[in-house]
Amino acid sequence: MSPNARALVYAATRLGAALALGLLLGWILGNMTTGLGISLGGFLGWQLYHLARVDFWLRRRAYIEPPDTSGMWGDVVAQVSRLHRRKRFHKQRMLQIFRELRRATAAMPDGIVILNAAQEILWFNRAAAQLLRLERRQDIGLRIDNLIRQEQLGRYLRNGDFSSAVTVPGRGDGPQRLSIQAVPYGEEQCILLVRDVTQQLRLETMRRDFVANASHELRTPLTVIAGYLETMAADPQLPAELATPIEEMRHQAVRMTRVIEHLLELSRLETAEGPAPRTPVDVPQMLRTLIADARQRCGTTRQIELDLRSGDGLLGVEAELHSAFANIVENAIKYSRDGGRIVVSWGIDGGSAMFAVRDEGIGIAAEHLPRLTERFYRASTNGGRGRSGSGLGLAIVKHVLQRHEAELQVESVEGRGSRFACVFPPSRIGTAALRKAAS
Ligand code: ADP
């Protein structure tokens, strides 16, 4: 029998006994109602007495032992005690987990700040206190952007695009730089991960300066070498056995000059901070010139078409945009076969501006697509003379697009061709009217 059923049987037996006693009393007294009244009154009093004991215990159960009762009341007391024990166990476990979590976050080298929906500070760890110079007593409850008065941080938190981190100067006077990444969770709450990136940025600057200086130093001697090789290659008295090696050397010197120019361009782009300035750029005109040049260079080996679907331009840096578009067109030419068709298009699509180049060339295997914009990454090892490049073209494209808040989309099927598209947000579209006003 289940404990529940047993308690019920027990209670029913007691009630039955009380009724029997009442009947017996009624028979003795000669009045059944009085007998039953006395007996049931006693029974009720007994129950009330137990109820009062249980109630008394429930109110003070943290300090006193449970009452020693049997039957249904004993069952109730046992159930409540069990629930109470379970609750205490879970509470202690939660407390233990919470303490562990606090110890772990305190030991983390990165700062953590928890903000509520109003961007007020709810909690922060020791590293955050050091990095952001926060004081536990006075700063909890304050809005983070009132405390860290950095325009970039305010804009970052307002924009709500937390896909990447924002870098802000530290709160002191020194050269400290902090990277802050927001991670939203729950109902509009968020965690800020704060990291000191001063050293990292210093190393990055050193690396950039080194590449820029080395490239700069190499450019002049290479130009001289390439110039002499060109003169030698053009010399009619050049012995026949030297013609091929000289031509190969000249070709490699030209290639190295191109690598150096691309490296210098990349380092210029990396040094330029923030988004590109918004100067109106006449994209249709730029593309007409670019395509005319490309057609002249390729002659009849490629069919290059220009599909201009919009007269609008862009707001950005003309030289950078020209470099990015030229690199994509150059690749389409380089990685196409003779007679291959290349379609260059420009238009507005769903509010965004799109520059796209489609070719019917060698295409790119799917595994290479995610890495194409890495420096010196080359998908095709088929780098014959016509296809030798610097491996930096798409890295430049990526940087230019980043500075113009644009995105590079690549679709390709190996052996069938590729489509490279640059998608610019509506805020970067310079309408024809705006362009005319600027000119
Ligand atoms: P590269 O100077 O080698 O062309 P890029 O950075 O411009 O360097 O391009 C990186 C790699 O992407 C290239 O080496 C090539 O393998 C691949 N690629 C770029 N554009 C195309 C294209 N239109 N068709 C096929 N492969 C391409």
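The notes below deal with the structure included here.

**Focus: the packing of aromatic side chains**
In this description, an aromatic ring pair is defined by two values, namely the gap between the centres and the angle between the planes.
Argument step 1. Scanning all chains against the criterion turns up four aromatic pairs.
Argument step 2. Clustering of aromatic rings is evident, with ring pairs tying together F325, F355 and F424.
Argument step 3. One cation-aromatic arrangement involves R136 over F124; the distance from NZ or CZ to the ring centre is 4.5 Å.

**Comments concerning the sheet that holds strand β1 (residues 111-115)**
Argument step 1. Strand order across the open sheet formed by five strands is β2-β1-β5-β4-β3, with antiparallel pairing between neighbours. Pairing within the sheet leaves two strands with one partner each, and these edge strands are β2 (121-124) and β3 (166-169). In this sheet, adjacent strand axes meet at a mean angle of 30° when their direction is disregarded.
Argument step 2. Alignment of β1 against strand β5 (residues 189-196), held across five bridges, turns out to be antiparallel. Looking at the pairing, I112 lines up with L193 of β5.

**A closer look at a nonpolar patch on the surface**
Argument step 1. Residues L21, L23, L24, W27, I28 and M32 make up a contiguous nonpolar surface patch of roughly 670 Å² in combined accessible area.
Argument step 2. With five residues, the top contributor of residues to the nonpolar patch is helix α1 (residues 3-29).
Argument step 3. For M32, the location among the structural elements is in helix α2 (residues 32-59).
Argument step 4. What makes M32 partly exposed here is its relative accessible area of 40%.

**Concerning the nonpolar core**
Argument step 1. Counting 42 residues, the largest nonpolar core has F325, V329, F355 and F424 as the members making the most contacts within it.
Argument step 2. Sorting the residues of this core by element identifies α9 (240-271), α10 (283-298), α11 (318-334), β9 (340-349), β10 (352-359), α12 (393-403) and β12 (417-424) as the ones contributing at least two each.
Argument step 3. Residues contacting F424, with those up to four places away along its chain left out, are L314, L321, F325, S352, A353, L401, H404 and A406.
Argument step 4. V113, A128, L147 and A182 belong to the second-largest nonpolar core, a separate cluster that totals 24 residues.

**Re the site of the ligand**
Argument step 1. Around the ligand there are 21 residues in total, and N331, Y335, R378, S380 and L394 lie nearest to it.
Argument step 2. A distance of 2.9 Å is found between an oxygen atom of the ligand and a backbone nitrogen or oxygen belonging to G391.
Argument step 3. G393 has a polar backbone atom sitting 3.2 Å from an oxygen atom of the ligand.
Argument step 4. Taking 530 Å² as the accessible area of the ligand by itself, protein coverage stands at 99%.
Argument step 5. For the shell around the ligand, the elements supplying multiple residues, two or more each, are α11, α12 and β12.
Argument step 6. At three residues, α11 tops the list of elements feeding residues into the shell around the ligand.
Argument step 7. Grouping the amino acids of the shell around the ligand by side-chain chemistry returns 10 nonpolar, eight polar and three charged.

**A short note on the sheet that holds strand β13 (residues 429-430)**
Argument step 1. Ordered in space as β6-β8-β13, the three strands form an open sheet in which the pairing is antiparallel. The open sheet has two edge strands with one neighbour each: β6 (279-281) and β13.
Argument step 2. Direction of pairing for strand β8 (residues 313-316) relative to β13: antiparallel, over a ladder of two bridges. By the bridge assignment, G313 is partnered in β13 with G430.
Argument step 3. α11 rests against β6 and β8 of the sheet, and its axis sits at about 120° to β8.

**Brief notes about a positive patch on the surface**
Argument step 1. There is a patch of like positive charges on the surface, built from R82, R85, R86 and R88.
Argument step 2. Mapped onto the fold, R86 is located in helix α3 (residues 71-107).

**Here we look at the state of the cysteines**
Argument step 1. According to the stated counting rule, one finds zero disulfides in the structure shown.
Argument step 2. You can see C298 has no disulfide; the closest cysteine sulfur is in C422, sitting 19 Å from it.
Argument step 3. With relative accessibility at 0%, the residue C422 sits in the buried group.

**Side note on the packing of α9 against α12**
Argument step 1. Closest axis-to-axis distance for the α9/α12 pair is 10 Å, and the angle between their directions is 20°. Taken together, α9 and α12 sit at an angle that is classed as roughly parallel. Of the two possible hands of crossing, α9 and α12 adopt the one that is left-handed. Counting all contacts with α9, which are made through H262, E265, L266, L269 and E270, the residues of α12 involved are G393, A395, I396, H399, V400 and R403.

**Re unusual backbone geometry**
Argument step 1. Positive phi, close to 60°, is recorded for Q119, a residue that is not glycine.
Argument step 2. Looking at the secondary structure, you find Q119 in the loop between β1 and β2.
Argument step 3. Backbone geometry places F376, a non-glycine residue, at a positive phi of 60°.
Argument step 4. Mapped onto the secondary structure, F376 falls in the loop between β10 and α12.

Cut-offs applied
Positions within a chain are numbered from 1, following the residues in the order the chain's sequence is written. pLDDT decides what is reported in this predicted model: residues at 70 or higher carry local features, side-chain atom pairs at 80 or more are listed and counted, and totals for whole chains, interfaces and linings draw on all residues regardless. With hydrogens and water stripped out, all remaining heavy atoms of the structure feed into the side-chain values. Geometry of aromatic contacts follows a simple scheme: Phe, Tyr and Trp rings, the Trp one being its six-membered ring, pair when their centres are within 6.5 Å, and the pair is stacked under 30 degrees between planes, edge-to-face over 60, tilted otherwise. In this scheme, the term charge over a ring applies when either NZ of a lysine or CZ of an arginine sits within 6 Å of the ring centre and within 35 degrees of the ring normal. A strand pair is defined by DSSP finding two or more bridges across the two strands. Note on conventions: DSSP H or I runs of at least 4 residues are helices, E runs of at least 2 residues are strands, and numbering of each starts at the N terminus. To define axes, lines are fitted to C-alpha atoms, for helices over the stretch in contact only, and angles between the resulting N-to-C directions are given on a 0 to 180 degree scale. Patches here: salt-bridge-free residues with over 30% relative accessible area, like charges joined within 9 Å, nonpolar side chains (Val, Leu, Ile, Met, Phe, Trp, Tyr) joined within 5 Å. Each accessible area value is a Shrake-Rupley result obtained with a 1.4 Å probe; residue values ignore everything except the protein chains displayed when judging cover. One speaks of a salt bridge when a side-chain nitrogen belonging to Lys or Arg is within 4 Å of a carboxyl oxygen belonging to Asp or Glu. For every residue, the accessible area (1.4 Å probe, protein chains only) is compared with the maximum for its type, and the residue is labelled buried under 20%, exposed over 50%, or partly exposed between those bounds. Buried Ala, Val, Leu, Ile, Met, Phe, Trp, Tyr and Cys residues that are joined via side-chain atoms within 4.5 Å together make up what is termed a nonpolar core. Working rule for contacts: check all heavy atoms of both residues, and any pair within 4.5 Å makes them a contact. We define proximity as follows: a residue is near a molecule or strand when any one of its heavy atoms falls within 4 Å of that partner. The term polar contact refers here to a pair of N or O atoms within 3.5 Å; inside protein, the definition further demands a hydrogen-donor-capable atom paired with an acceptor-capable atom, and it admits residues adjacent in sequence only when both atoms are side-chain atoms. Here the term charged refers only to Asp, Glu, Lys and Arg, the term nonpolar to Ala, Val, Leu, Ile, Met, Phe, Trp, Tyr, Cys and Pro, and the term polar to all other amino acids, Gly among them. Only four residue types enter the charge count, namely Lys and Arg as positive and Asp and Glu as negative; His and the chain termini do not. Charge positions come from single atoms, namely NZ of Lys, CZ of Arg, CG of Asp or CD of Glu. Whenever a pair of cysteine sulfur atoms sits within 2.5 Å, that pair is classed as a disulfide. Orientation categories follow fixed angle ranges, with anything under 35 degrees roughly parallel, anything over 145 roughly antiparallel, 65 to 115 roughly perpendicular, and all other angles oblique. Should the near helix be turned counterclockwise from the far one by less than a right angle, the crossing is left-handed, whereas a clockwise turn marks it as right-handed.

Worth remembering: the numbers are spatial, not functional.
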